[in-house]
Amino acid sequence: MKNTGEKVPDNKGHFGQYGGRFVPETLMPALIELDKAYNKYKKDKNFLAELVLLQKDYIGRQTPLYLAKNLTELIGGAKIYLKREDLCHTGAHKINNAIAQSLLAKKMGKTRIIAETGAGQHGVATATGAALAGLQCEVYMGTDDMKRQSLNVFRMRLLGAKVTGVSIGSKTLKDAINEALRDWTANVHNTHYVLGTAFGPHPYPMMVRDFQSVIGKEARKQILKAEGRLPDCLIACVGGGSNSIGLFYAFLKDKIRMIGVEAGGHGIRSGKHAARFAGGSIGVFQGCKSYLLQDKDGNVLGTHSVSAGLDYASVGPEHCYLRELEKIEYTYATDKEALNAFELLSNTEGIIPALESAHAVAEAVKVASSMPKKSIIIVNLSGRGDKDVEQVAKIKGITL
Amino acid sequence: MSNISLVFDKFKTSGRKALIPYIMAGDPTLAATKKYISALEQAGADIIELGVPFSDPLADGPTIQRAAERAIKQKVTLRKVLKLVSEVRKSTDIPIILMTYYNPVFKFGVSSFVKAAVKAGVDGLIVPDLIPDEADDYIKEARRHKLDTIFLLAPTSTPDRIKKISGASTGFIYYVSITGITGSKLSAGPKMRRTLSSIKRVTNKPVAVGFGISTPEEASSMSGLADGVIVGSAIVKLISQGKDISHFVRALRKAI
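Keep in mind that this is a model prediction, so the values were computed, not measured. (Residues numbered from 1 in each chain as written. Chains lettered and ligands numbered in written order. Predicted model: local features only at pLDDT ≥ 70, side-chain atom pairs only at ≥ 80, totals over all residues. Heavy atoms only, no water.)

> Can you explain the overall build of chain B? Please cite residues and give values.
On a plain count of helices and strands, chain B comes out with 12 helices and 9 strands. Computed over the C-alpha atoms, the radius of gyration of chain B is 17 Å, within 12% of the 18 Å expected from 2.2 N^0.38 for a compact globule of 256 residues. In terms of overall dimensions, chain B has a C-alpha envelope of 45 × 40 × 35 Å along the principal axes. For chain B, the residues scored as buried account for 63% of the 256 residues in total. The contacts in chain B between residues at least 6 apart in sequence include a share of 70% that link residues at least 24 apart. For chain B, the accessible surface area stands at approximately 10200 Å², while carbon and sulfur atoms represent 53% of it. Separation of charge centres in chain B, based on 37 positive and 23 negative side chains, amounts to 2 Å. (Helix = DSSP H or I, 4+ residues; strand = E, 2+ residues; numbered from the N terminus. Rg over C-alpha atoms; globule rule 2.2 N^0.38 Å. Buried < 20%, exposed > 50% of the residue type's maximum accessible area, 1.4 Å probe, protein only. Contact = heavy atoms within 4.5 Å. Areas by Shrake-Rupley, 256 points an atom, 1.4 Å probe, with all protein chains shown as cover. Lys, Arg positive; Asp, Glu negative; His and termini not counted. Charge placed at Lys NZ, Arg CZ, Asp CG, Glu CD.)

> Would you mind going over the overall build of chain A in detail, with residue names and values included?
When its secondary structure is counted, chain A shows 16 helices and 14 strands. The C-alpha atoms of chain A give a radius of gyration of 19 Å, which matches the 21 Å a tight globule of 400 residues would have. Counting only C-alpha atoms and orienting by the principal axes, one finds that chain A spans roughly 55 × 50 × 45 Å. Within chain A, buried positions represent 64% of all 400 residues. Sequence separation of 24 or more characterises 72% of the internal contacts of chain A that already satisfy a separation of 6 or more. Of the roughly 14700 Å² that chain A leaves accessible, carbon and sulfur atoms contribute 52%. Separation of charge centres in chain A, based on 52 positive and 40 negative side chains, amounts to 3 Å.

> Which residues make up the interface of chain A and chain B, and what values do they have?
Much of the literature gives interface size as the accessible area that the parts lose upon coming together. Taken together, the contact pairs 39 residues of chain A with 36 residues of chain B. A:K12 is the salt-bridge partner of B:D133, the closest N and O atoms lying 3.9 Å from each other. Scanning the region where chain A abuts chain B turns up 17 residue pairs in polar contact (both at pLDDT 80 or more). Contributing elements (two or more residues each) for the side of chain A that touches chain B: β2 (18-22), α1 (28-41), α8 (173-187), β11 (281-285) and β12 (287-292) of chain A. A per-element tally of the side of chain A that touches chain B places α8(A) first, with 8 residues. Classifying every residue of the side of chain A that touches chain B gives 15 nonpolar, 13 polar and 11 charged. (Salt bridge = Lys/Arg side-chain N within 4 Å of Asp/Glu carboxyl O. Polar contact = N/O pair within 3.5 Å; in protein donor to acceptor, adjacent residues only side chain to side chain. Nonpolar A, V, L, I, M, F, W, Y, C, P; charged D, E, K, R; others polar.)

> I'd like a description of the environment of A:G265, backed by residues and values.
All names here are of chain A. Secondary-structure assignment places G265 in strand β10 (residues 257-265). Given a relative accessible area of 2%, G265 falls into the buried group. Taking C-alpha positions, G265 is 8.2 Å from A275, a pair spaced 10 residues apart along the chain. Sequence-distant contacts of G265, defined by excluding residues within four places in its chain, comprise K272, H273, H304, A333, T334 and D335.

> Report on the sheet that holds strand β7 (residues 162-166) of chain A, specifying residues and quantitative values.
All names here are of chain A. Pairing within the open sheet is parallel, and its 4 strands lie in the order β7-β6-β5-β8. Pairing within the sheet leaves two strands with one partner each, and these edge strands are β7 and β8 (191-193). In this sheet, neighbouring strand axes are inclined to one another by 25 degrees on average, regardless of whether the strands run parallel or antiparallel. Most of the contacts of helix α5 (residues 121-133) go to strand β5 (residues 112-117), to which it runs at about 165 degrees, and overall it touches β5 and β6 (136-142). (Pairing = 2+ DSSP bridges. Axes fitted to C-alpha atoms, helices over the stretch in contact; angles between N-to-C directions.)

> Mind laying out the sheet that holds β12(A), listing which residues take part and the relevant values?
All names here are of chain A. As summarised here, the arrangement of the 4 strands in space is β1-β2-β12-β11, forming an open sheet in which the pairing is antiparallel. Only two strands of the sheet have a single partner each, and these edge strands are β1 (14-15) and β11. Of the pairings in the sheet, the one linking β2 to β12 comprises 2 bridges and is antiparallel in character. When the bridges of β12 are listed, F22 appears paired with G287.

> Hey, could you go over the packing of helix α8 (residues 159-168) of chain B against helix α9 (residues 190-202) of chain B for me, with residue numbers and the actual values?
Residues and elements named next belong to chain B. Direction vectors running N to C along α8 and α9 enclose 60 degrees, while the axes themselves pass 10 Å from each other. By the angle between their directions, the pair α8 and α9 is classed as oblique. The handedness of the crossing between α8 and α9 is right-handed. Each of I162, K163 and S166 in α8 lies in contact with α9, whose residues at this interface are S198, I199 and V202. (Parallel < 35°, antiparallel > 145°, perpendicular 65-115°, else oblique. Left-handed = near helix turned anticlockwise from the far one by under 90°.)

> Got a sec to walk through the confidence of the model for chain A? Specific residues and values, please.
In the predicted model, chain A carries a mean pLDDT of 96, and the fraction of residues at 70 or more is 98%. For chain A, per-element mean pLDDT is lowest for helix α6 (residues 143-148) of chain A, which scores 88, and highest for strand β9 (residues 233-237) of chain A, which scores 99. (pLDDT = per-residue confidence, 0-100.)

> Got a sec to walk through empty space enclosed by the protein? Specific residues and values, please.
All names here are of chain A. According to the stated counting rule, one finds 6 cavities of 30 Å³ or more in the structure shown. Volume-wise, the largest cavity comes out at about 400 Å³. For the lining of the largest cavity, the secondary-structure elements that each account for two or more residues are β5, α5, α8, α11 (242-248) and α15 (355-369). The element best represented in the lining of the largest cavity is α11, accounting for 3 residues. (1 Å grid on protein atoms, 1.4 Å probe; cavity = no way out; pocket = protein on both sides within 12 Å on 5 of 7 lines; lining within 4 Å. Points joined across faces, edges and corners; volume = space filled by probe spheres on them.)

> I'd like to hear about the pairing of strand β8 (residues 207-210) of chain B, residue by residue, with values.
Residues and elements named next belong to chain B. Residues V207 and V209 of β8 are buried on one face, and the alternating residues A208 and G210, pointing to the opposite face, are buried as well. Across 4 bridges, the pairing between strand β7 (residues 173-176) and β8 is parallel. When the bridges of β8 are listed, Y174 appears paired with A208. Bridging between β8 and strand β9 (residues 228-231) involves 2 bridges; their strand directions are parallel. Residue V209 lies in a different strand from β9, and its bridge partner there is V229. Read from β8 through helix α10 (residues 216-223) to β9, the crossover connection turns out right-handed. (Right-handed = clockwise from strand over helix to strand, strands pointing away.)

> Break down helix α9 (residues 204-212) of chain A for me, with residues and values.
Judged by how many residues are buried, α9(A) sits mostly within the fold: 9 of 9 residues are covered. Along α9(A), the positions that sit buried rather than exposed are A:Y204, A:P205, A:M206, A:M207, A:V208, A:R209, A:D210, A:F211 and A:Q212.

> Explain the pattern of salt bridges to me, using residue names and the numbers behind them.
Following the criterion strictly, the structure yields 42 salt bridges over all chains and no others. A:K174 is the partner of B:D56 in a salt bridge, and the nearest nitrogen-oxygen pair spans 2.8 Å. Placement of the pair is B:D56 in the loop between β2 (48-51) and α3 (62-73) and A:K174 in helix α8, with the two residues belonging to separate chains. Note on accessibility: B:D56 and A:K174 belong to one class, buried. As a salt-bridge pair, B:R16 and B:D46 come within 3.0 Å of each other at their nearest N and O atoms. Highlighted residues: B:R16 in the loop between α1 (3-14) and β1 (18-24) and B:D46 in the loop between α2 (30-42) and β2, separated in sequence by 30 residues. B:R16 gets classed as partly exposed once you look at its relative accessible area, which sits at 36%. Owing to a relative accessible area of 9%, B:D46 belongs among the buried residues under this scheme. Members of the salt-bridge network, linked through shared partners, are A:K12, A:E25, B:D133, B:R161 and B:K164.

Rendered as structure tokens:
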């Protein structure tokens, strides 16, 4: 394992050759203002105390680290622990970031927050943060996604947010991000953009990582208490990469195997997937330099995954950097493997995972079987699967 | 002096302002774009800004987004746009600027792209999602091959950014007249006057104003504040409706 002593990102958001700020000039003052505000408040005792209180009493942290005994026995290999982010308020890790950014927006004197959403989880989390902080909220969502996730659209509206459909391009997450960036370009004076993952222009990849790193900090303490030692392996799914970096970050200095699981869709050769490392190349997209699924002319390719939260053409720049340093390895699980894991965890443990998290469970099942019984794996169960139940029924040909 | 600088230099004494119309290459076809370029020149354009279609044009409003979608459907790529420019060069010397997002350039390879662009007869580049802070290699290559690098300044730009962007720009500086995307509603108020004069205090490079200028009247009021006027969405809209553009461009020419 290579090791570099440099601190990332640098003050312009570079993780080695990745990251940075590739945005229209209009947004630069807003990004600089956000960077300054974040650097100020992350050291501000009052802000941190307020955040910790909300994490505890509102989100419901700390989330449990649960030893999945039935699954472990069934596989017959390493002990599998689940970090239960699915038990967070609103049902996924997304709230960790959304609440923190809403609080930050309020401190910055912004009156309105906007967000993009794919499956609707980040949209719901941001609408929740807005309701809590007393801010106006508008969420951009591809019209195709709105059809697929009508329940989450209604949830956001119930929370007082305006949901605006985006009917251009592929009508999915990437188009919603373009539209949110356009809105921010026009309304920077009173608006903060709550980006939902560890992606985009600096300072987002760093800030979202920091707000999600509570996952790994807790898990580290919990496993030391439960087992008296660190785990042998960490596994998390990677869409934009916020739940995975959130788990991994506290363990980066330890010599632990870490695996990020991308969406393999129908398989890499089919072209219908969202495995940026297995099928992409370096590019510049939506604010940063990273791995990107693109054609030979630099246009961004359509992606596919059964899980909307992983269905995205690029990936957080820090992941590219950590992959290059060989600190994290990346693989993928196909739709089929994820669906099998979805049912397996439901059956054996009574926990219905989000289809995103099911990708991590699928990899854990593979890895655990080849590891000795005394070894330990932590899987980030980033979200609960209630939102996916309808879709899975449909895939199985069951009419509800 | 570059071809673009010559245009502004020529107008310095006459008080005439540069008219810079924008069209999307390949909308509706590359052959049509060729005809539109010649129509624009005949109607009084001084510099042509040619859009390169990209799948995710985040600085553009709906009009240009749809134009890019149409061009991509025609399989128009950065390479094909360069080929178009080299063909157009057989019949005209009018300065041509490409407006392209950064990823197609990055994928092409910054150094090979700059060389290919100059070889095709491109005079300058606007890359709306590339700020000088990230552009060291691009600027170095462009200087070496004498390609103008036109960076964008926004109403939100702070004094130190104005300084940085003015310094990195050659040919002219592109002042984005609105805090928003292309084709939005324009408001030429005292704030714009203040920003433009603060730019003028920092640099003597020409400044052209664009984003949201859709009528000869607006072009006229802008031309009082700047050295050039860029009109895009309004022309692209006419093209999308299959209407004649010469009449409108002539009216713009008269107005500035």
